[in-house]
Every structure is written in C-alpha cells, then in structure tokens.
Amino acid sequence: MSINSENDMAADLQIGPTTLGMVRIYIAGNGIDLPMDFEPEEAEEIAEELRAAAAAARKANKKG
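Residues numbered from 1 in each chain as written. Predicted model: local features only at pLDDT ≥ 70, side-chain atom pairs only at ≥ 80, totals over all residues. Heavy atoms only, no water.

A.B. asks: Sorry, what's going on with the overall build of the protein here?
C.D. replies: Helices and strands together make up the secondary structure of the protein, namely 1 helix and 3 strands. Expected size for 64 residues packed as a compact globule is a radius of gyration near 11 Å; at 15 Å, the protein overshoots this value by more than 25%. Its C-alpha atoms give the protein principal-axis dimensions of about 45 × 30 × 15 Å. Classification of the 64 residues of the protein by burial places 6% in the buried group. Excluding contacts between residues fewer than 6 apart, the proportion of contacts in the protein whose partners are at least 24 apart in sequence is 0%. Accessible surface, the protein as shown: approximately 5700 Å² in total, 53% of it carbon and sulfur. Computing the positive centroid from 6 side-chain charges and the negative centroid from 12, the protein places the two 15 Å apart. (Helix = DSSP H or I, 4+ residues; strand = E, 2+ residues; numbered from the N terminus. Rg over C-alpha atoms; globule rule 2.2 N^0.38 Å. Buried < 20%, exposed > 50% of the residue type's maximum accessible area, 1.4 Å probe, protein only. Contact = heavy atoms within 4.5 Å. Areas by Shrake-Rupley, 256 points an atom, 1.4 Å probe, with all protein chains shown as cover. Lys, Arg positive; Asp, Glu negative; His and termini not counted. Charge placed at Lys NZ, Arg CZ, Asp CG, Glu CD.)

Set out below in structure tokens:
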C-alpha cells in the first residue's frame, strides 16, 4: 500500500501531550494499537509537513 492507494480501513486518531512532556499520536482501529511519541520539536516538524501536504492537496483539487 502506498500513500496514494485508497482502502476501506478505518481508525481513530488522537493527538495530545503526555505526562512525560512528549507529544503522542495514537492510532487505534481493527487490529491496530499504535502509540507514537515525539519530542515537541519533532511534533512541530510533523505539523509543518501536514500543513504543506494540505496546501498541495488544495492546489491539486483546484487543478482537477
């Protein structure tokens, strides 16, 4: 599966701070239980990548 492949999988996504000062992205679904912890700086880099991807998706939608 690639980033551009569609599928019917569903999962819940939670994002928040931990008591240890990390940022946790938690994904849970059918057969999936994936907590991922990041330093705050790493979380900010991920947020920047999400914003850039959203902008690129908007641009692609306008062309399509």
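From this point, things continue past the structure.
A.B. asks: Which parts of the structure should I look at to understand the pairing of strand β2 (residues 23-29)?
C.D. replies: A regular strand places its side chains so that they alternate between the two faces of the sheet. Sheet analysis places strand β1 (residues 11-17) next to β2, joined by 7 bridges and oriented antiparallel. From the neighbouring strand, D12 faces β2, where its bridge partner is A28. Connecting β1 to the antiparallel partner β2 that follows it, the hairpin turn spans 5 residues, and G21 within it adopts a positive phi of roughly 80 degrees. Relative to strand β3 (residues 32-38), β2 runs antiparallel, the two being bridged by 7 bridges. Residue pairing across strands places R24 opposite D37, the latter belonging to β3. Joining the antiparallel neighbours β2 and β3 is a turn of 2 residues, in which G31 adopts a positive phi near 80 degrees. (Pairing = 2+ DSSP bridges.)

A.B. asks: Teacher, can you tell me more about the sheet that holds β3 here?
C.D. replies: Each strand in a sheet pairs with another by means of backbone hydrogen bonds, the pair being arranged parallel or else antiparallel. An order of β1-β2-β3 is seen for the 3 strands of this open sheet, with the pairing classed as antiparallel. In this open sheet, the two edge strands, each paired with only one partner strand, are β1 and β3. Within the sheet, the average angular offset between the axes of one strand and its neighbour, ignoring direction, is 10 degrees. Helix-sheet contacts for helix α1 (residues 40-63) involve β2 and β3, and the interaxial angle to β3 is about 110 degrees. (Axes fitted to C-alpha atoms, helices over the stretch in contact; angles between N-to-C directions.)

A.B. asks: I would appreciate a short explanation of the pattern of salt bridges in the present structure.
C.D. replies: Opposite charge on two side chains permits pairing when their charged atoms draw close. Per the stated rule, a full pass over the model turns up 1 salt bridge. A salt bridge links D37 to R24, with the nearest nitrogen and oxygen atoms 2.5 Å apart. In this pair, D37 is assigned in strand β3 and R24 in strand β2, connecting sequence segments 13 residues apart. Judged by relative accessible area, D37 falls into the partly exposed class, the value being 35%. (Salt bridge = Lys/Arg side-chain N within 4 Å of Asp/Glu carboxyl O.)

No statement about biological role is implied by the geometric values presented.
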